[in-house]
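Secondary and tertiary structure notes
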Amino acid sequence: HLFVQAMSNKHPNSIESDFLRSLVESAHGYIDSLKEKTKSTLVERIDGLAREANIQKRKLTSREVQEVIDDEMGKAGSHLQTIAESESTKFRNLGTMVDISKVSASLGDSDPTVFFVMVRDSTTCKECLRLHAMPDGVTPRLWKLSELSQAYHKRGGDRPSAFGLHPHCRCTLTYM
């Protein structure tokens, strides 16, 4: 829905639908990877507790197992939230990019000028300020759409990514 909303709620054509499907598959890949990692970590930690209990000639308690499960599920929940937020930013910004491409093409603009709207508050990061604002920290920095990276951003890089700059990035791509 974020992708379609970012495309001004226009129904995606077949190419855009395929693009969206690949984005969803990528997001599912991250979630599946987290699921497998969590499962492996849980098994390893519980097996380790069982070995320790065996060496100490005592029984493994359900409380010990539950503590491990609670800890790992807490970590997994935090990682899942990061995935959801990162992928949401990516979907929103790439949907906006598709819309910008369509609008700019209809206006004869082959390489549209874009900028990122930042949420300016106490949690706005230095990387977002560096790449999305001019040195005054207020005026948006302008980019050509062709200058945006189409991969995850590496801190310190010299150009912003359409995917967002980091997990929890709240900056939104906009057409000038």
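The sections below set out a description of the structure shown in this document. (Residues numbered from 1 in each chain as written. Predicted model: local features only at pLDDT ≥ 70, side-chain atom pairs only at ≥ 80, totals over all residues. Heavy atoms only, no water.)

**So, the packing of aromatic side chains**
Tallied over the entire structure, the rule returns two aromatic pairs. On the basis of an interplanar angle of 80° and a centroid distance of 6.3 Å, the ring pair of Tyr 30 and Tyr 152 is categorised as edge-to-face. Here Tyr 30 is found in helix H2 (residues 14-55), whereas its partner Tyr 152 is found in the loop between strand S2 (143-144) and strand S3 (172-175), with 122 residues between them in sequence. Ring centres of Tyr 152 and Phe 163 lie 5.0 Å apart, and the angle between their planes is 80°; this geometry places the pair in the edge-to-face category. Placement of the pair is Tyr 152 in the loop between S2 and S3 and Phe 163 in the loop between S2 and S3, with a sequence separation of eleven residues. Overall, Tyr 152 belongs to the partly exposed group, its relative accessible area being 38%. Clustering of aromatic rings is evident, with ring pairs tying together Tyr 30, Tyr 152 and Phe 163. Here the guanidinium or amino end of Lys 90 rests over the ring plane of Phe 163, the centre of that ring lying 4.9 Å away. (Phe/Tyr/Trp six-rings, centres within 6.5 Å; stacked < 30°, edge-to-face > 60°. Helix = DSSP H or I, 4+ residues; strand = E, 2+ residues; numbered from the N terminus. Buried < 20%, exposed > 50% of the residue type's maximum accessible area, 1.4 Å probe, protein only. Lys NZ or Arg CZ within 6 Å of the ring centre and 35° of its normal.)

**Focus: the nonpolar core**
Counting residues in hydrophobic clusters, the biggest one holds 26 residues, and the most contacted among them are Phe 3, Leu 94, Val 114, Cys 128, Leu 145, Leu 148 and Leu 173. Elements with a contribution of two residues or more to this core: H2, helix H3 (62-106), strand S1 (113-117) and helix H4 (126-132). By residue number, the principal contributor to this core is H3, which donates five residues. Once residues within four sequence positions are removed from consideration, Phe 3 is found in contact with Glu 16, Phe 19, Leu 20, Leu 23, Phe 91, Leu 94, Gly 95 and Val 98. (Core = buried A, V, L, I, M, F, W, Y, C linked by side-chain atoms within 4.5 Å. Contact = heavy atoms within 4.5 Å.)

**Quick notes on unusual backbone geometry**
For Lys 57, which is not a glycine, the phi torsion comes out positive at approximately 55°. With respect to the helices and strands, Lys 57 occurs in the loop between H2 and H3. The exposure class assigned to Lys 57 is exposed, which follows from its relative accessible area of 76%. A positive phi is found at His 168, a non-glycine position, where the angle reads about 75°.

**Considering the sheet that holds S1**
Strands sit in the order S2-S1-S3 across an open sheet of three strands; the sheet is antiparallel. Unpaired on one side and paired on the other, S2 and S3 mark the two borders of the sheet. Sheet topology note: the S1/S2 ladder contains two bridges and is antiparallel. Each residue of the ladder has a partner; that of Val 114, found in S2, is Trp 143. (Pairing = 2+ DSSP bridges.)

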